[in-house]
Amino acid sequence: MAPSIRSSALAGLALVFSTAVATCPPFNGTLIIENYRLYPENLDFDSEQCKLYLGSNFNSTVMVYDPYTQTQDIISFPGITNIEPFHVSGIDYDPKTGTIGISANDGNPFVSNGANVTGGNVTRDNFIIRYNPRSKSIVFKADLAPFIQEVQQQTGLLGNGIQDMVEDSVGNSYTYITFGARGLAKISPHGNVSTWYATDQIGTPNPFFPGIYGGMIFHAPSNKIIITDSAGGRFNTFDAAAAQGVPTTVDMTGFPSDYTGVSCDGLLNPSRYVNQSVLLCSEDAFGTSGSITVFRTSNNWVSAKYVGSIANDDPLAYGSIPSATVQIANSLYISPFFATDGPVQDTAGNRTSFPLIDITAKVDALVLPDGATVSKTFC
């Protein structure tokens, strides 16, 4: 039977930091996960237990999948799973603590593509859950309502759309508002939420995706959070050691003439490459069916160079957008999101097969000639 979260309160669990090195066997090739209405919008890989965690967006559950044995289990959430308007979209595994960050959020802003930021209940329907897959228990369930309300008080702007999160080197988590306002929340290792950054200067959302912020990652070598400034068409970095967030614009070069500006649904900074010098940006609207745009740095993301794109054109991905990428052991994958299967955008259809497309060779072909190096761990 699938394990369920036992409590929505703090379970009295201390975060134990690990220095373990990835030991999972090599893995490659496209794979297909069979599960009714899985619809993973985001996912991440546990390089110690060699398991993949996938957010089942519309079921509001998390799948634990073993790519080596193709076995699967489901984590359900009382009060969230199969209850409207919740989506489980953002998933981030923290190798330092061995825990998973899970975004259980109001789905209305995403179903409406940003037009409806009040359709659920912003005082009730957005949580970041920190979950320990080894003990099968909650570490914390952080309520984002006070953060959303404080951003509105500070800026006069009502926002909504909580999804991705990252963790810094000391166990803090960070998440952002996607639509309507510009704000970043910081969540302590015990689940205490504070407004880390907010401004009323939101810019002009682009015509193909009205989000203000998009995909984010933590770059451990420089202690920076990198976030997609979708309204500005660029990346911003934040020093994770700062008491309050202060954005720095990344100097970006190399764009082709038909490029419309960075707008990452998801962002991956794969450990496959030395110093994590590569970013994979899931651009749902770039190209015929979306693309993964690829960026590289030689100075810890002070600047970034566009080195090319990989089309979401595998036949198995037909009808999807490339909402996320993931590194499984030594290999890199697109996770296609079939957002139009349902009666309206971003609702569930009846799909049972969900592919993950191996793009490792294509990414290598773009970044290695530009100076990136594959880590010896993954050679």
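Look up: the structure comes first, before these words.
Residues numbered from 1 in each chain as written. Predicted model: local features only at pLDDT ≥ 70, side-chain atom pairs only at ≥ 80, totals over all residues. Heavy atoms only, no water.

**Here's the deal with unusual backbone geometry**
A cis amide bond, omega 5 degrees, links E84 with the succeeding residue P85. Position of P85 relative to the elements: it lies in the loop between strand 5 (71-75) and strand 6 (86-94). Phi is positive for C50, close to 60 degrees, though the residue is something other than glycine. In this fold, C50 is placed in the loop between strand 2 (40-46) and strand 3 (51-56). (Helix = DSSP H or I, 4+ residues; strand = E, 2+ residues; numbered from the N terminus.)

**So, the side chain of S320**
The residue S320 is located in the loop between strand 22 (303-311) and strand 23 (321-328) in this model. The buried category is assigned to S320, whose relative accessible area is 5%. A distance of 3.1 Å separates the side chain of S320 from the side chain of N312, its partner in a polar contact. Within the structure, the side chain of S320 is placed 2.6 Å from the backbone oxygen of A317, a separation counted as a polar contact. (Buried < 20%, exposed > 50% of the residue type's maximum accessible area, 1.4 Å probe, protein only. Polar contact = N/O pair within 3.5 Å; in protein donor to acceptor, adjacent residues only side chain to side chain.)

**As for the pattern of salt bridges**
According to the stated counting rule, one finds nine salt bridges in the structure shown. The closest approach of N and O atoms between D46 and R134, which form a salt bridge, is 3.6 Å. Residue D46 is found in strand 2, and its partner R134 is found in the loop between strand 8 (127-132) and strand 9 (137-143); the two are separated by 88 residues along the sequence. The shortest N-O distance in the salt bridge between D94 and K96 comes to 2.8 Å. Taken together, the salt bridges that share partners define one network made up of R182, D229 and R234. (Salt bridge = Lys/Arg side-chain N within 4 Å of Asp/Glu carboxyl O.)

**Details of the layout of surface pockets**
Volume-wise, the second largest pocket comes out at about 520 Å³. Lining the second largest pocket are 27 residues, with N113, F209, D265, D284 and I321 sitting closest to its centre. Partitioned by chemical class, the residues of the lining of the second largest pocket number ten nonpolar, twelve polar and five charged. (1 Å grid on protein atoms, 1.4 Å probe; cavity = no way out; pocket = protein on both sides within 12 Å on 5 of 7 lines; lining within 4 Å. Points joined across faces, edges and corners; volume = space filled by probe spheres on them. Nonpolar A, V, L, I, M, F, W, Y, C, P; charged D, E, K, R; others polar.)

**So, the packing of aromatic side chains**
The description of an aromatic ring pair rests on the distance of the ring centres and on the angle between the ring planes. Considering all chains together, one arrives at 21 aromatic pairs under this definition. Each ring, one from F27 and one from Y68, has its centre 5.4 Å from the other, and the planes form 80 degrees; the classification is edge-to-face. Taken as a pair, F27 in the segment before strand 1 (31-34) and Y68 in the loop between strand 4 (61-66) and strand 5 lie far apart in primary sequence, 41 residues in all. Among the residues examined, Y68 registers a relative accessible area of 30% and is labelled partly exposed. Each ring, one from F255 and one from Y259, has its centre 4.8 Å from the other, and the planes form 10 degrees; the classification is stacked. (Phe/Tyr/Trp six-rings, centres within 6.5 Å; stacked < 30°, edge-to-face > 60°.)

**Digging into the state of the cysteines**
Scanning the entire structure with this criterion turns up two disulfides. The residue that forms a disulfide with C24 is C50, at a sulfur-sulfur distance of 2.1 Å. Residues C24 and C50 are joined through a disulfide that is left-handed, its torsion about the S-S bond being -105 degrees. Placement of C24 in the segment before strand 1 and of C50 in the loop between strand 2 and strand 3 is noted, with a sequence separation of 26 residues between them. Comparing C24 with C50 shows no difference in burial state: the two are buried. At a sulfur-sulfur separation of 2.1 Å, the disulfide partner of C264 is C281. The sign of the S-S torsion, about -110 degrees, decides the handedness of the disulfide formed by C264 and C281: left-handed. Note that C264 is positioned in the loop between strand 18 (251-253) and strand 19 (267-268) and C281 in strand 20 (residues 278-283), a separation of 17 residues in sequence. (Disulfide = S-S within 2.5 Å.)

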